Amino acid sequence: MDLAYIPSPSTGVLHLGPIPLRGYAFCIILGVFVAVWLGNKRWIARGGAAGTVADIAVWAVPFGLVGGRLYHVITDYQLYFSEGENWVDAFKIWEGGLGIWGAIAFGAVGAWIGCRRRGIPLPAYADAIAPGIALAQAVGRWGNWFNQELYGKPTDLPWALKITESANREAGLYHPTFLYESLWCIGVAVLVIWADRRFELGHGRAFALYVASYCAGRAWIEYMRVDEAHHILGLRLNVWTAIIVFVLAVVYMVVSARIRPGREEIVEPRSRKKVSGEDADTAERDGTDAEPEAAEAADEDVENGAGNGAGSAAKG
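Presented here is a report on the structure given in the accompanying data block. (Residues numbered from 1 in each chain as written. Predicted model: local features only at pLDDT ≥ 70, side-chain atom pairs only at ≥ 80, totals over all residues. Heavy atoms only, no water.)

## Points about the overall build of the protein chain
From N to C terminus, the protein chain includes 12 helices and six strands. Accessible area for the protein chain stands at about 16700 Å²; split by element, carbon and sulfur atoms hold 65% of it. (Helix = DSSP H or I, 4+ residues; strand = E, 2+ residues; numbered from the N terminus. Areas by Shrake-Rupley, 256 points an atom, 1.4 Å probe, with all protein chains shown as cover.)

Take a look at the structure:
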């Protein structure tokens with residue numbers, strides 16, 4: 001007799017009044033809002049303008065969704081293009097199936113476009129948004145719970161996930177790998193925020209730390225899963241991807257620290273605000289925005305004929 005387990009929802013659809021909303025889509029949307037909210041606070045603390053993160057997210061999010069879906073469809077093509085399968089299902093994103101590797105890669109392209117339109121360095125934006133992305137993944141993983149997918153090996157642990165029987169799954173108690181990854185992503189977000197404050201990470205190193213730490217967790221969690229996947233030399237494809245991306249992220253952190261130590265002094269020229277590491281930590285912790293005061297002080301300096309040097313630096 002099973003005394004304790006995590007139940008699966010009886011349905012993957014939530015109803016907001018007369019409007020049906022799939023649990024998977026709801027988790028993705030909620031995760032995006034969390035990422036933008038936290039990213040905006042961190043961007044302001046670094047000296048950027050309020051609203052910039054959301055403006056760039058308008059580019060990054062659609063690109064990320066397309067990239068995530070493409071990665072899933074390409075690496076699991078047999079689910080859609082094998083004999084007896086319907087290729088139209090490849091477009092049914094609401095049924096689950098987003099690869100984080102493709103989402104981050106294509107999302108970075110979208111963010112790069114948005115950053116170029118505003119004259120903002122992509123690495124600085126990536127550093128600000130990094131822990132928010134980790135929290136978005138933590139929220140998004142609960143979409144797998146709604147869909148009863150991507151669980152691990154059978155287990156009798158008290159936190160086992162109860163899966164109901166269907167055409168493509170066998171009823172039983174399994175490791176809740178969605179929960180493991182969700183908790184790991186929360187830990188990654190906390191780690192990045194702490195390391196960023198402690199070491200004043202800049203020029204993309206906070207984002208690289210997020211990537212490396214996420215990959216470290218994804219490798220062992222992926223190893224526990226039992227869903228169908230391609231294998232290379234006995235390891236699942238996503239395990240190899242996590243290993244390779246982890247190495248690249250670590251190499252980037254080491255090389256970047258040597259070539260461009262410290263943190264960017266100005267991340268958004270329009271804001272005319274230069275924030276030191278200590279000031280950024282205080283602003284991020286208190287949730288305050290010193291931009292209006294900085295802009296007012298800059299205007300006063302210009303009027304008094306004392307702000308020419310600072311104005312030139314802000315435009316550079």
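From this point, the discussion proceeds with the structure in view.
## Quick look at the packing of aromatic side chains
Counted under the stated rule, the structure contains 12 aromatic pairs. Look at W142 and W145: their rings are 5.6 Å apart centre to centre, the planes differ by 80°, and that puts the pair in the edge-to-face class. Note that W142 and W145 are positioned in helix α6 (residues 142-147) at a spacing of three residues, about one turn of the helix. Note on W142: relative accessible area 31%, which makes it partly exposed. Chaining the aromatic ring pairs together yields one cluster made of W101, F207, Y210 and Y214. (Phe/Tyr/Trp six-rings, centres within 6.5 Å; stacked < 30°, edge-to-face > 60°. Buried < 20%, exposed > 50% of the residue type's maximum accessible area, 1.4 Å probe, protein only.)

## Re the side chain of T177
Position of T177 among the secondary structure elements: in helix α7 (residues 177-199). Here T177 falls in the buried class, since its relative accessible area comes to 2%. Contact partners of T177, with chain neighbours within four places excluded, come to L150, Y151, G152, I221, M224 and R225. (Contact = heavy atoms within 4.5 Å.)

## Details of the packing of helix α1 (residues 23-45) against helix α5 (residues 122-140)
Taken N-terminus to C-terminus, the directions of α1 and α5 make an angle of 150°; their axes are 7 Å apart at the nearest point. Looking at the two axes, α1 sits roughly antiparallel to α5. In terms of crossing hand, the pair formed by α1 and α5 is right-handed. Here C27, I28, L30, G31, V32, V34, A35, L38, G39, R42 and W43 of α1 lie close against α5, whose contacting residues are A124, Y125, D127, A128, I129, P131, G132, I133, L135, A136, V139 and G140. When the residues that make up the contact of α1 with α5 are grouped by side-chain class, the tally is 17 nonpolar, four polar and two charged. (Axes fitted to C-alpha atoms, helices over the stretch in contact; angles between N-to-C directions. Parallel < 35°, antiparallel > 145°, perpendicular 65-115°, else oblique. Left-handed = near helix turned anticlockwise from the far one by under 90°. Nonpolar A, V, L, I, M, F, W, Y, C, P; charged D, E, K, R; others polar.)

## Some details on α1
For α1, spanning 23 residues, the distance from its first C-alpha to its last is 33 Å, which sits close to the expected 33 Å at 1.5 Å a residue. Those residues of α1 that fall on the buried side of the exposure criterion are G23, Y24, C27, G31, A35, L38, G39, R42, W43, I44 and A45. Within two residues after α1, G47 carries a phi angle of roughly 110°, on the positive side. (Expected span 1.5 Å × (residues − 1).)

## Some details on a nonpolar patch on the surface
There is a patch of nonpolar side chains on the surface, built from I243, F246, V247, V251, V254, V255 and I259 and spanning about 570 Å² of accessible area. Positionally, F246 belongs in helix α9 (residues 237-259). Its relative accessible area of 35% is what places F246 among the partly exposed residues. (Patch = residues over 30% accessible without salt bridge, like charges linked within 9 Å, V, L, I, M, F, W, Y side chains within 5 Å. Salt bridge = Lys/Arg side-chain N within 4 Å of Asp/Glu carboxyl O.)

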